[in-house]
Amino acid sequence: MTTPPDEENLTCRPRVVLGIVGDRWSLLVVRNLRLGPRRFTELKRETTGISQRMLTVTLRSLERDGILTRTVHNVMPPHVSYELTPMGRTLREAAMPLLEWSTAHLDRIDAARAEYDARS
């Protein structure tokens, strides 16, 4: 049995979007842009554990998908800043409950993992 093209589009396309925002770093970068434009070094400092290369890859991906904009400032020395687009701000608003849930339950998750690992 084949899936009709319209139904396939409705089930597959959201997976593409979830892949974009559901990677390890994207939502953290989006959260770290909540207070306005940030320079690369600020984002690197605020996104604990991310490598310079991975931050670059994540920023390029989010820019490509229209989640953030990259602005090169013509000053001496030149610098670059990143800022959420209107669509990026709606993503931040949608993701905030998940990020807050994660923070609120981190200790319980750690405890559950430790208990699980002790049984193995």
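Residues numbered from 1 in each chain as written. Predicted model: local features only at pLDDT ≥ 70, side-chain atom pairs only at ≥ 80, totals over all residues. Heavy atoms only, no water.

**Examining the overall build of the chain**
Within the chain one finds five helices and three strands. Mapped from its N terminus to its C terminus, the chain presents α and β elements in the order α-α-β-α-α-β-β-α. For 120 residues, the compact-globule formula gives about 14 Å, and the C-alpha radius of gyration of the chain, at 18 Å, lies well above that figure. When contacts within the chain are restricted to residue pairs at least 6 apart in sequence, those whose partners lie at least 24 apart make up 43%. Roughly 8,900 Å² of accessible area belongs to the chain as shown, and the carbon and sulfur atoms make up 56% of that amount. Taken as two groups, the 18 positive and 15 negative side-chain charges of the chain have centres that lie 7 Å from each other. (Helix = DSSP H or I, 4+ residues; strand = E, 2+ residues; numbered from the N terminus. Rg over C-alpha atoms; globule rule 2.2 N^0.38 Å. Contact = heavy atoms within 4.5 Å. Areas by Shrake-Rupley, 256 points an atom, 1.4 Å probe, with all protein chains shown as cover. Lys, Arg positive; Asp, Glu negative; His and termini not counted. Charge placed at Lys NZ, Arg CZ, Asp CG, Glu CD.)

**Observations concerning the side chain of Ser81**
Among the structural elements, Ser81 can be located in strand β3 (residues 79-84). A polar contact of 2.7 Å, which involves the side chain of Ser81, links it to the side chain of His73. For Ser81, the contacting residues outside a window of four places in its chain are Pro37, Arg38, Arg39, Thr69, Arg70, Thr71 and His73. (Polar contact = N/O pair within 3.5 Å; in protein donor to acceptor, adjacent residues only side chain to side chain.)

**Some details on the environment of Glu93**
Here Glu93 shows up in helix α5 (residues 86-119). As a C-alpha pair, Glu93 and Leu28 span 65 residues in sequence and 13 Å in three-dimensional space.

**Some remarks on the layout of surface pockets**
By volume, the largest pocket amounts to about 370 Å³. Lining the largest pocket are 16 residues, with Leu28, Arg31, Leu99, Ser102 and Thr103 positioned closest to its centre. For the lining of the largest pocket, the secondary-structure elements that each account for two or more residues are α2 (26-32) and α5. With five residues, α5 is the single largest residue contributor to the lining of the largest pocket. Counted by class, the lining of the largest pocket contains six nonpolar, six polar and four charged residues. (1 Å grid on protein atoms, 1.4 Å probe; cavity = no way out; pocket = protein on both sides within 12 Å on 5 of 7 lines; lining within 4 Å. Points joined across faces, edges and corners; volume = space filled by probe spheres on them. Nonpolar A, V, L, I, M, F, W, Y, C, P; charged D, E, K, R; others polar.)

By themselves, these observations are geometric and do not establish any function.
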